[in-house]
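# Summary of the model geometry
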Amino acid sequence: MDPAAAAAAEEEGREKPPVIYTMENKPIVTCAGDQNLFTSLYPTLSQQLPREPMEWRRSYGRAPKMIHLESNFVQFKEELLPKEGNKALLTFPFLHIYWTECCDTEVYKTTVKDDITKWQNVLKAHNSVDWLIVVVESDAKKKNKTNILPRTSIVDKIRNDFCNKQSDRCVVLSDPLKDSSRSQESWNAFLTKLRTLLLMSFTKNLGKFEDDMRTLREKRTEPGWSFCEYFMVQEELAFVFEMLQQFEDALVQYDELDALFSQYVVNFGAGDGANWLTFFCQPVRSWNGLILRKPIDMEKRELIQNQEATLLDLRSYLFSRQCTLLIFLQRPWEVSQRALELLHNCVQELKLLEVSVPPGALDCWVFLSCLEVLQRIEGCCDRAQIDANVSHTVGLWSYATEKLKSLGYLCGLVSEKGPNSEDLNRTVDLLAGLGAERPETANASQSPYKKLKEALSSVEAFEKHYLDLSHATIEMYTNIGRIRSAKLVGKDLAEFYMRKKGPQKAEIYLQGALKTYLAEGWALLVTHTRKQLAECQKHLGQIENYLQTSSLLAGDNHLTEDERKSFCQEILDFANHQAENQGQKVILPMHSFAQLKTLHFDPPNAVVHVGGKLSIELTLLSQMPIPVQVDQIAIHVHFSIEKNSYRKTAEWLTKHKTSNGVISFPNEVAGFPFSRNNLPALELYEMYERSPSDNSLNTAGIICKNVHMLLRRQESSSSLDLPSGVTLEDGAHVLKCSNLILEPGVNKITFNTQAKEPGTYTLRQLCTSVGKVQFVLLHIYPIVQYDVYSQEPQLKVEPMTDSLLAGIPQKVKFTVTTGHYTIKNGDALQLSNADAMPILYHPESKAVIYSNTREKISESSLRIQSSEKITSISLPVAPAYHVIEFELEVMYLPSATESAVEKENTTNKEVHRKNKEKQKQDNCMATVDQKVTIDCPWSIYSTIIALTFCIPFNAKHSLLSAGKRKYVQVCVQNLSELCFQLSDNSLKNSADCTDLQLVPLNPESQQVIYSKQSIFFVWELKWTKELPLSLQCLFSVSFCPATSEEQSLTLKPFTYEFQVENFFTLYHVKTEIFPPLGSEYCKTGSLCSLEVSITRLVDLSEVDRDEALTESDGYCTTKLMYEVVDNSSNWAVCGKSSGVISMPVAARATHKVHMEVMPLFAGYLPFPDVRLFKYLPHHSAHSMQLDADSWIENDNLSVDKNVDDQAESSSIRSRGSLHSAASGEHKGLPMPRLQSFSSGQVFNCSTGMQILVIPSKDDHVLEVNIT
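This one's a predicted model, so the numbers in the text were calculated from it and none came from an experiment. (Residues numbered from 1 in each chain as written. Predicted model: local features only at pLDDT ≥ 70, side-chain atom pairs only at ≥ 80, totals over all residues. Heavy atoms only, no water.)

### Focus on unusual backbone geometry
The linkage connecting D602 with the following residue, P603, adopts the cis geometry, with an omega of 10°. When you line up the elements, P603 lands in the loop between β9 (594–602) and β10 (607–609). The omega torsion across Y781 and P782 is 5°, close enough to zero to call that bond cis. Mapped onto the fold, P782 is located in the loop between β19 (773–777) and β20 (784–789). (Helix = DSSP H or I, 4+ residues; strand = E, 2+ residues; numbered from the N terminus.)

Written out as structure tokens, the structure reads:
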């Protein structure tokens, strides 16, 4: 306010002008003192004050804010100071400033001081402590008066006189009108002080105001408390925040008022009403909608202040203020959201308060309010923003459409004949309640007032406006993906078209809505929409569609019994009428008429042979409310012959079929092919949120992790009608039942058929005929089939155990599947006899006859006749497609020759060949296939069956030596799972040599050999004169199962034939170790003497005649190679560890070898191993033979280390090739070969001997070897 305005206000005397509430209100600051001085500074002050923001810190922990301060400067008058009890903040002066530029002490004393004193006395009288004295300093006046005291004396006097404890309340403004740095600094200091004092005053006075307001609110339970008075007080606070540009805080005040009023209304509805609410229960007489084009609706504010406002007035004013603040906050989309909530809440609040509202008045108010909000948003947003935020406004469009529809129905604008006189009177009354159009919208062509008035003026205008709104709303909902809402509006539009006799247009919207409701499972909505659709289809003459919808409604449990019967009667009337007129058949889906629940086959496995009988029992659940006479129920069957399906046996089919014969079909709600039952189950999980500081529980809730699966929109991919071009399958394979009555609920229908052709029969369709109406189940799912087979007779022979053991009786099961063949009296199986496998006959043997479903039919004795070559088994009489089973005992007699068991040889080369493969064979039983030829009565061809028998035992032998004495050991291993009892073991020489005697060293009693165990038998060989080089031996042992109590059948013993070669001892090897001279014992680390003595025990024999034998003048020698090896690393061999010697071939010839060895450990150490080989020359036609002595002296001769491992198994082979490959320095020279002796030809008497080794005296660490 400029000084001129202030002077004009002063002339008006004590008359207080009314406060005009506008958005230009600013905090008031009074100015006293030199008005001309202030007038000159006002432009600069008003411009500079809001330039810099200030931090405003408020009480109660509220967040600080940065605000720009503006003020309305007015001339100081005592009338502006607030009276006691005045709570108006807009007219409250927050700061009082006294302006002076006095620079003369005398003037100060005579004039200024008194004026300031009067000014302060007035402030003190009104308890106003927010003041400031501004002393303006000017250099011009200082130059004009040279005899004056310094300026600081005036300031000091003012501070001493008026600012004793508040020296900062007096500020100096130096040369404010000059453009200098000193002037600018003075201005900055003054403005900072002014802002600070203003903020202090705001904080203090607003805090006091809020405390008073809070106190007033706490008195709301007292009698006489008025919401309107409290409303004006809190709105005053909102005005102040708005004045300070704090729109968010101002909005909070109105939201608190909104919430407080809403709570009182809710309490009133619950029976706890406040007295002041009666002012808002007065009847509604005006329904002109919201007013959002003015910042403050003063008319409605005065009504609230005078407690004359209705509920709609209060809500309209409150929302208009909220709308204004939200637009200032640039949140227009929140306006639309709040508006929609407000409109719905107002409707409910009017019902709770039981306010009298004329019919249609509330619809007019809502319609006008929706359009007013939409136009207000359009006024502050551009078209691109509006199109991008349709989701926020589409609710208002939909609500406006709904209310306009209600007004059209109320005023008779939708009826076929148009509005009557009563409707016209009602329309006039509604338009009268709108009042005159507001001035701010009078010039607008599309104002809400004009639109409503035009829509209610005629039927054509209403139709135009309603269709425009409906189509616009549907388009908006579709664009934002809210298909459900779009279909709901379309459903209302269809109802409108039905009223207007336009079923063609209505059907499109009803079908769309029905698909959506079906997809989402809204049962009641589906029922209601189908009723409308049925009426529409009836008007359009769509007979087939109408009958289909009627069948769905007849089976709908959401309708009353009478309604369902009426729709069912529609179908029956049409069926009977068409049957008389011989019209075309109408095909309808089955699920609306009846549901297929279960299907039961007899026989249960749905497998029958050609000529067999099959029954199918259907369980149908009739959806109709009354019994229905059915002309025929037919099952259409598809017949197919798959590849080789005619060869499938009853046994194979039985294994691949269900055993109970009952097939259940999924429950499907009629008319809900995509119902909510098909949606996945809820996946709910607990959710907790805890404080990060103290881990305390903040919130707890439930979260659904598969909400994307549950809430997604599902489009129905199938049409409601039958697909075009679908026809019933017509063929020879149809099962029928005629003249039935289907009762409501469960019905059982039985179909009987006799199998004719073999193949697979698939049940494809189910058709129920009622007159000319056929209800068809196009696809029976899951797939239902039954099989008809024609089977050839078959014979199967299989063991009763996992494996057949040779040598003992074993049971074998014979299974005869008759197939299409009938077993007659005299039919028999002719088995060719085999010497190795006799058939054991028991008189008590039985043959059992089963049906093809494994039901026992009969049992008869089995008759078996045997001759030399053939065994005849007479079969009992049995019809076709039956099974005959009987058991026989057979026994396989293993051959006593070498072929029955794996051929063995005692030569080292044969016995230990392929050691690893041999170990594998030892763990598995040897098998023998025995073939049997069987002649069957139904075939001219013989059937060959192979039975595999397993030899339960495995035998192996070994030759043992003790000097010249020889022993034969036979190991019998039980490889089977049974335990056997062994007895009568014997070993014989096949050559029947009298000079040889085999002395048994075995116990004569019976022995039990357990599963996977072995038993050893030993015989000593004794002879009186020289024997041949090889002996042919036959081992025999009797056996029987250990579990059999009595054995009537004599079992053939187990035999094992083998050959023993080169078993005479040729050489005797003896090893001795001597301690060092002068020592009694060997010591670790000391060299000891090793002596190897090799002695020939026999004279020249056939075994010695080989390449190594040399004859000279009747004196025969052979070359031997020795090798000293210590595999246990107990000894260190010093010097040559191997060598070649020339050994005379004569009895008692001896050769001794000396070498030095060193014990490495203390204790009883075993002797090193001494190995002996035949030393054979190399065969080469192109290389000259070297002298044997040159080989003897050859230090480079070495033995392959593999010999160490193979010597123990006596499988050393010729080593010449190995040495040739290993010794690169002898390329081109012939290398010798080494040949190992056979088992028993070399006897080492030092094997297993030990010698005591003591530790050395200077050893600090003692190592002892214990063996």
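Having seen the model, we can carry on.
### A short note on the packing of helix α17 (residues 459–479) against helix α18 (residues 483–499)
Remark: α17 packs on α18, axes separated minimally by 8 Å, with the N-to-C direction vectors making an angle of 160°. Overall, the two elements α17 and α18 adopt an arrangement that is roughly antiparallel. Between α17 and α18 the crossing geometry is left-handed. Here F462, E463, Y466, L467, S470, H471, T473, I474, Y477 and T478 of α17 lie close against α18, whose contacting residues are I483, S485, A486, V489, G490, D492, L493, F496 and Y497. Partitioned by chemical class, the residues of the contact of α17 with α18 number 11 nonpolar, 6 polar and 2 charged. (Axes fitted to C-alpha atoms, helices over the stretch in contact; angles between N-to-C directions. Parallel < 35°, antiparallel > 145°, perpendicular 65-115°, else oblique. Left-handed = near helix turned anticlockwise from the far one by under 90°. Contact = heavy atoms within 4.5 Å. Nonpolar A, V, L, I, M, F, W, Y, C, P; charged D, E, K, R; others polar.)

### Brief notes about helix α15 (residues 421–434)
Helix length check: α15, at 14 residues, gives a terminal C-alpha distance of 20 Å against a target of 20 Å (1.5 Å per residue), a fit within 8%. Buried within α15 we find D423, T427, L430, G433 and L434. Buried residues of α15, viewed axially, fall in a sector of 125°; they line one side. Opposite its buried face, α15 presents the exposed residues S421, V428, D429 and A432, each directed more than 90 degrees away. At its buried positions, α15 is contacted by α12 (361–380), α14 (390–410) and α16 (448–455). Phi turns positive, to about 70°, at G435, one or two residues after α15. (Expected span 1.5 Å × (residues − 1). Buried < 20%, exposed > 50% of the residue type's maximum accessible area, 1.4 Å probe, protein only. Arc of directions from axis to C-beta.)

### Here's the deal with the sheet that holds strand β40 (residues 1054–1061)
The 4 strands lie next to each other as β37-β35-β39-β40, forming an open sheet whose pairing is antiparallel. The sheet is open, and its two edges are formed by β37 (1007–1009) and β40, each paired on a single side. Strand-to-strand, the axes of this sheet are offset by a mean angle of 35°, without reference to chain direction. Looking at chain direction, strand β35 (residues 980–989) and β37 are connected through 3 bridges and run antiparallel. Bridge pairing in β37 links Q981 to V1008. (Pairing = 2+ DSSP bridges.)

### Overview of the packing of aromatic side chains
One pass over the full model with this rule turns up 44 aromatic pairs. Between the aromatic rings of Y264 and W276, the centroid separation amounts to 4.8 Å while the plane-to-plane angle is 70°, which identifies the pairing as edge-to-face. You can see Y264 sitting in helix α8 (residues 247–269) and its partner W276 sitting in the loop between α8 and α9 (298–305), a full 12 residues away along the chain. Its relative accessible area of 5% is what places W276 among the buried residues. Geometrically, the ring pair formed by F953 and F1039 is edge-to-face, given 5.2 Å between the ring centres and 80° between the ring planes. Of this pair, F953 sits in strand β33 (residues 953–962) while F1039 sits in strand β39 (residues 1030–1041); the two residues are 86 residues apart in sequence, bridging distant segments of the chain. Take F953: its relative accessible area is 4%, and that puts it in the buried class. Put simply, the rings of W225, F227, Y230, F231, F261, Y264, W276, F280 and Y317 touch in pairs and so form one group of aromatic residues. For R854, the ring lying beneath its charged end belongs to Y850, and the centroid distance is 4.4 Å. (Phe/Tyr/Trp six-rings, centres within 6.5 Å; stacked < 30°, edge-to-face > 60°. Lys NZ or Arg CZ within 6 Å of the ring centre and 35° of its normal.)

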